[in-house]
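Residues per chain, in single letters:
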Amino acid sequence: MNNINLELLSQVIGHYPLQGTISEASPCVNGHINDTYRINLRPTSGPNHELILQRINDHVFVEPEKVMHNIQEIAAHLRQKDSSYDCDIISFIHTKTGRNYAVVNDQYWRLCHYVPNSITYDFVEDSSLLYSAGYAFGQFQSILADLPMDQLHETIPDFHNTRKRLDAFFAMVDKDPHGRVNDVQEDIAFFAEHRELACQLTNMQEAWILPLRVTHNDTKYNNILMHETTGEPLCVIDLDTVMPGLPAHDFGDAIRFAANTAVEDEPDLSKVGLNMDNYREFTRGFLKACSGFLTDKEIETMALGAITITIELASRFLADHIDGDNYFKIHRPNHNLERARCQVALAKDMLAKYDQMQQIVMESAQV
Ligand code: GN1
Ligand code: MG
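Residues numbered from 1 in each chain as written. Chains lettered and ligands numbered in written order. Predicted model: local features only at pLDDT ≥ 70, side-chain atom pairs only at ≥ 80, totals over all residues. Heavy atoms only, no water.

Draft legend 1. Highlighting the coordination of the magnesium ion (ligand 2). In the first shell of the magnesium ion (ligand 2), the protein supplies Asp 218 (OD) and Asp 238 (OD), at 1.9 to 2.0 Å from the metal. Of this pair, Asp 218 sits in the loop between strand E8 (213-215) and strand E9 (224-227) while Asp 238 sits in the loop between strand E10 (233-236) and strand E11 (243-245), placing them 20 residues apart in sequence. Residue Asp 238 is classed as partly exposed on the basis of its relative accessible area of 23%. (Donors = N, O, S within 2.8 Å, 3.2 Å for Na, K, Ca; no water. Helix = DSSP H or I, 4+ residues; strand = E, 2+ residues; numbered from the N terminus. Buried < 20%, exposed > 50% of the residue type's maximum accessible area, 1.4 Å probe, protein only.)

As structure tokens, this is what we get:
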């Protein structure tokens with residue numbers, strides 16, 4: 001990833017109806033899954049093209065065509081709508097053969113224009129920015145609410161099936177392929193203790209107490225491009241996991257990331273906790289945008305969604321640590337362990353603040 005293969009990137013660009021040579025290429029490092037590059041393409045005449053080129057991780061997305069099919073469906077659905085939305089959704093440039101991806105050496109690539117004046121944040125200091133972020137993710141669901149779910153593939157089966165995630169976690173603990181379990185026994189105890197609670201949403205979905213809807217499923221704050229000076233959301237990105245899911249998971253994943261008082265992988269656990277101002281602002285924005293289509297039960301289980309997804313991701317990070325770091329990219333030794341511990345610390349603080357979280361949801365839903 002750090003050694004950029006310009007020849008390969010140029011070969012990929014060659015599949016697109018764009019001319020010019022790559023004058024600059026730099027990696028974007030905040031995703032844990034795909035390889036992303038920011039590229040400057042200089043044509044023989046006219047202005048440069050600023051582009052984002054991404055290689056889909058086919059170890060994680062074993063059928064990249066399905067991912068790109070879903071993105072195509074979403075783009076088509078948006079084009080059909082005449083209403084204009086405040087925040088855009090990312091779309092990919094078509095190749096010379098009319099596909100939204102290119103295959104080079106059996107690897108899947110996609111290309112989009114760099115959104116001018118955009119920036120992403122891994123940490124949110126200013127709570128007031130979160131109302132509009134919540135609104136953007138809420139609106140994302142309302143835009144896609146009438147897209148028939150059977151038109152979308154499940155790009156990663158059981159992605160947020162917390163019961164299966166925890167089953168897989170405990171199976172990995174039993175397997176212990178790298179002898180790492182002995183050092184993380186205390187961490188594992190947390191999952192045994194909260195397993196039942198974390199499975200509640202999955203159980204409710206399977207009993208159809210909670211309906212499936214088209215959801216984003218990876219609603220980190222850095223999956224919205226923000227305007228660099230106004231801080232307003234410009235574009236929702238990372239549509240790889242858009243598929244049927246629960247709004248409480250989207251709400252919860254966004255809270256997990258944007259309302260943490262620290263970054264996602266903070267090793268100093270004393271800094272980690274739930275920032276109630278951030279929580280309140282995001283909740284108000286999200287529920288405002290979703291007003292009218294969520295059921296009472298969906299609203300009542302929003303706060304539980306935040307706890308669930310935080311425990312689920314913690315289990316995924318710890319399972320990957322035990323497995324020898326095969327899934328999430330790591331940038332230092334024990335990175336997945338640090339991520340897992342940070343998420344557990346956050347989940348514990350959420351559990352302590354659950355009543356307050358619930359109250360804010362109920363108040364925000366009434367506005
Ligand atoms: C992964 O790589 P990225 O940032 O798109 C992961 C999410 C996690 C997230 C944690 C397909 O997302 O589920 O919540 O890391 N994506 C996949 O930062 O597993
Ligand atoms: Mg993602």
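Draft legend 2. Spatial organisation of helix H5 (residues 185-198). Spanning 14 residues, H5 covers 19 Å between terminal C-alpha atoms, matching the ideal 20 Å at 1.5 Å per step. If you look at H5, its biggest bend is around 30°, right at Ala 192. Among the residues of H5, Asp 187, Ile 188, Phe 190, Phe 191, His 194 and Ala 198 are the ones counted as buried. In the core, the buried residues of H5 are packed alongside helix H4 (162-175), helix H6 (200-206), helix H10 (302-322) and helix H11 (335-352). (Expected span 1.5 Å × (residues − 1). Bend = angle between axes of the 7 residues up to and from the residue. Contact = heavy atoms within 4.5 Å.)

Draft legend 3. Looking closely at the pattern of salt bridges. Evaluation of the coordinates by the stated rule reveals 20 salt bridges. Here Glu 50 makes a salt bridge to Arg 38, at a shortest N to O gap of 2.9 Å. Highlighted residues: Glu 50 in strand E3 (residues 49-55) and Arg 38 in strand E2 (residues 35-42), separated in sequence by 12 residues. Of the residues examined, Glu 50 reaches a relative accessible area of 33% and is grouped as partly exposed. Its salt-bridge partner being Arg 280, residue Asp 277 comes within 3.5 Å of it at the nearest N-O pair. Placement of both Asp 277 and Arg 280 in helix H8 (residues 276-289) is noted, with a separation of three residues, approximately one turn of the helix. It is possible to trace a salt-bridge network through shared partners that takes in Asp 35, Arg 55 and Lys 329. (Salt bridge = Lys/Arg side-chain N within 4 Å of Asp/Glu carboxyl O.)

Draft legend 4. Local environment of the domain arrangement of the protein chain. We note that the domain assignment places domain 1 (6-113) and domain 2 (128-365) within the protein chain. On a C-alpha basis, the centres of domain 1 and domain 2 stand 26 Å from each other. On the side of domain 2, 33 residues touch domain 1, which itself brings 27 residues to the contact. Summing the contributions of domain 1 and of domain 2, the shared interface buries around 2800 Å²; its carbon and sulfur component is 61%. (Domains from an automatic or database assignment. Buried area = accessible area lost by both parts, 1.4 Å probe.)

Draft legend 5. Summary view of the site of ligand 1. Near ligand 1 lie 16 residues; those nearest to it are His 32, Lys 220, Glu 264, Arg 316 and Tyr 327. Ile 33 is positioned with one of its backbone polar atoms (N or O) 3.1 Å from an oxygen atom of ligand 1. Here Arg 316 contributes a side-chain N or O atom positioned 2.7 Å from an oxygen atom of ligand 1. Within the complex, the protein chains bury 95% of what would otherwise be the 440 Å² of accessible surface of ligand 1. Sorting elements by how many residues they give to the shell around ligand 1 places H10 first, with three residues. Here the residues of the shell around ligand 1 sort into eight nonpolar, two polar and six charged. If you count residues domain by domain, the shell around ligand 1 takes at least three from each of domain 1 (6-113) and domain 2 (128-365). (Near = heavy atom within 4 Å. Polar contact = N/O pair within 3.5 Å; in protein donor to acceptor, adjacent residues only side chain to side chain. Areas by Shrake-Rupley, 256 points an atom, 1.4 Å probe, with all protein chains shown as cover. Nonpolar A, V, L, I, M, F, W, Y, C, P; charged D, E, K, R; others polar.)

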